[in-house]
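# A structural walkthrough
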Amino acid sequence: MALARGRRGGHPEYYWPGYVDILSTLLLVVTFLMSLFMVTQFFVSQESSGKDVALKRLTTQLAQLTELLALERTTSQTAEEELTAMSASLAETEADKKKLSDLVALGDQKAGEAQSKAAVLASDLDTQKEISEEAMARVNLLNQQLLALRRQIAALEEALDASESKDKQSQTRIADLGQRLNVALAKKVQELSQYRSEFFGKLRTLLANRQDVRVVGDRFVFQAEVLFPSGSDVINPEGLATLDSLAAAMKELDGKIPKEVSWVLRVDGHTDRRPINSPAFPSNWELSSARAIAVVKFLIDRGIPANRLVAAGFGENQPIESGVTEDAFAKNRRIELKLTER
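Quick caveat: nothing in here was measured; it's all calculated off a predicted structure.

## Observations regarding the overall build of the chain
Secondary structure assignment for the chain yields eight helices and five strands. In the chain, which comprises 342 residues, the share counted as buried stands at 29%. Pairs at least 24 apart in sequence give 70% of the contacts found in the chain among residues at least 6 apart. By element, 58% of the accessible surface of the chain is carried by carbon and sulfur atoms, the whole surface being about 22,000 Å².

Rendered as structure tokens:
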């Protein structure tokens, strides 16, 4: 109405209310802009913490403008002062707006960088997905292989259980067979002992009244001088006669012992402790072995099967007398016969 009156009167003093209305409208526009600015500033503040200071200042200015607007509505006397203040504030607002535009541009730049980073992350995510899919394929393959391996292990365990069962049965059979074999061997040993006793008894009868032939435990012992000259492996005539008796007794024994009894006559050669060193016999080993072999060859010539004879040489290493007298030396120089298992 003030504007209508001013227009009807045409006086210059009535123009001032029109300016006041314009300023009020401008304040409303500025208020809207400030509100929009505040909203924009709120979103921009999420990207840059430095925007908080400007937003707080703009909020303060907005509060001041609101107060000025209230004062303008209650009194028109101070409108000029308010206009002046608002002009100054508007200038500051323009400056702040420019700053806000700069911040928005910076925010756009940051947003672009964020989008670029997001694209890189998306690419990395796709790569990770491909890797994960490949890893899952490998895991599935490993699971299948593990399942096949478990089946093989189960089959092996089943076969092992069956094998252990058979092994227990075999062990039981082996134990039974071992027991039966031990019984059979004991029986054979007993039989061989009987034949040995008979054989030695026969030899005692054939070689009665011979002081140089004796039984020592399970062995029949000949003094070396009975069969061989000193330092020689050639059987002397007396020894040949003695060995003929031995061959006859063995032939008779071979006819009595069952074929399934595995036996041999072992011929052992021994010397005394005095060393020998001749072209034919470099040591006592050679002499003792040669004498045992000579006896074995003689018995083979007399028809004793070679598979029933064994020759062994012991040198001076198995003495039966520990003295150093001639009598001890003579007793250690000997040929031993032992009927034993093969």
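Resuming the write-up.
## Focus on the pattern of salt bridges
Under the definition given, this model contains nine salt bridges. We note a salt bridge from K331 to E321, for which the minimum N-O separation is 3.9 Å. Of this pair, K331 sits in helix α8 (residues 326-332) while E321 sits in the loop between β4 (309-313) and α8, placing them 10 residues apart in sequence. Looking at K331, the relative accessible area reads 28%, which means it is partly exposed. One salt bridge in this structure joins E336 and R334, with 2.7 Å as the shortest N-O distance. As far as the burial class goes, E336 and R334 line up, both buried. Overlapping salt bridges, with partners in common, bring together E225, D272, R274, E326 and R333 in one network.

## A short note on helix α7 (residues 284-301)
Compared with the 26 Å implied by 1.5 Å per residue over 18 residues, the 26 Å span of α7 between its first and last C-alpha is a close match. Lining the buried residues of α7 we find α5 (224-227), α6 (237-256), β3 (263-270), β4 and β5 (334-341). One or two positions beyond α7, positive phi appears at G303, with a value near 100°.

## A few points about the nonpolar core
Across soluble globular proteins, you tend to see nonpolar side chains buried next to one another. Ranked by size, the top nonpolar core spans 27 residues in total, and within it L227, M250, V295, L299, I335 and L337 carry the most contacts. Going through the elements one at a time, β2 (219-223), α5, α6, β3, α7 and β5 are the ones with two or more residues in this core. Here this core gets six residues from one element, more than from any other, and that element is α7.

## Overview of a negative patch on the surface
On the surface, E157, E158, D161, E164 and D167 cluster together into a patch of negative charge. With respect to the helices and strands, D161 occurs in helix α4 (residues 79-206). Residue class for D161 comes out partly exposed when judged on its relative accessible area of 48%.

## Observations regarding the confidence of the model for the chain
The share of residues in the chain with pLDDT of 70 or more is 73%, and the mean pLDDT across the chain is 76. Counting contacts from residues 1-8, a segment whose pLDDT is below 50, to residues more than four positions away or on other chains yields four contacts.

## Some remarks on the pairing of β5
For β5, a buried count of six out of eight residues is recorded, marking the element as mostly surrounded by other parts of the structure. One ladder, built from eight bridges, connects β3 with β5; its direction is antiparallel. Across the sheet, the residue bridging to D268 is E336, located in β5.

## A closer look at the pairing of β3
Taking burial as the measure, the eight residues of β3 include seven buried ones, the bulk of the element. The sheet contact formed by β3 and β4 spans five bridges and is parallel. Residue R266 lies in a different strand from β4, and its bridge partner there is V310. Tracing the backbone out of β3, into α7 and back to the parallel element β4 gives a crossover that is right-handed.

## Details of α6
Each α-helix turn comprises 3.6 residues. Residues three or four places apart therefore point the same way. With 20 residues, α6 ought to run about 28 Å at 1.5 Å a step, and its terminal C-alpha atoms sit 29 Å apart, in line with that. Within the span of α6, buried status applies to G239, T242, L243, L246, A247, A249, M250, L253 and D254.

Parameters at a glance
- Residues numbered from 1 in each chain as written.
- Predicted model: local features only at pLDDT ≥ 70, side-chain atom pairs only at ≥ 80, totals over all residues.
- Heavy atoms only, no water.
- Helix = DSSP H or I, 4+ residues; strand = E, 2+ residues; numbered from the N terminus.
- Buried < 20%, exposed > 50% of the residue type's maximum accessible area, 1.4 Å probe, protein only.
- Contact = heavy atoms within 4.5 Å.
- Areas by Shrake-Rupley, 256 points an atom, 1.4 Å probe, with all protein chains shown as cover.
- Salt bridge = Lys/Arg side-chain N within 4 Å of Asp/Glu carboxyl O.
- Expected span 1.5 Å × (residues − 1).
- Core = buried A, V, L, I, M, F, W, Y, C linked by side-chain atoms within 4.5 Å.
- Patch = residues over 30% accessible without salt bridge, like charges linked within 9 Å, V, L, I, M, F, W, Y side chains within 5 Å.
- Lys, Arg positive; Asp, Glu negative; His and termini not counted.
- Charge placed at Lys NZ, Arg CZ, Asp CG, Glu CD.
- pLDDT = per-residue confidence, 0-100.
- Pairing = 2+ DSSP bridges.
- Right-handed = clockwise from strand over helix to strand, strands pointing away.

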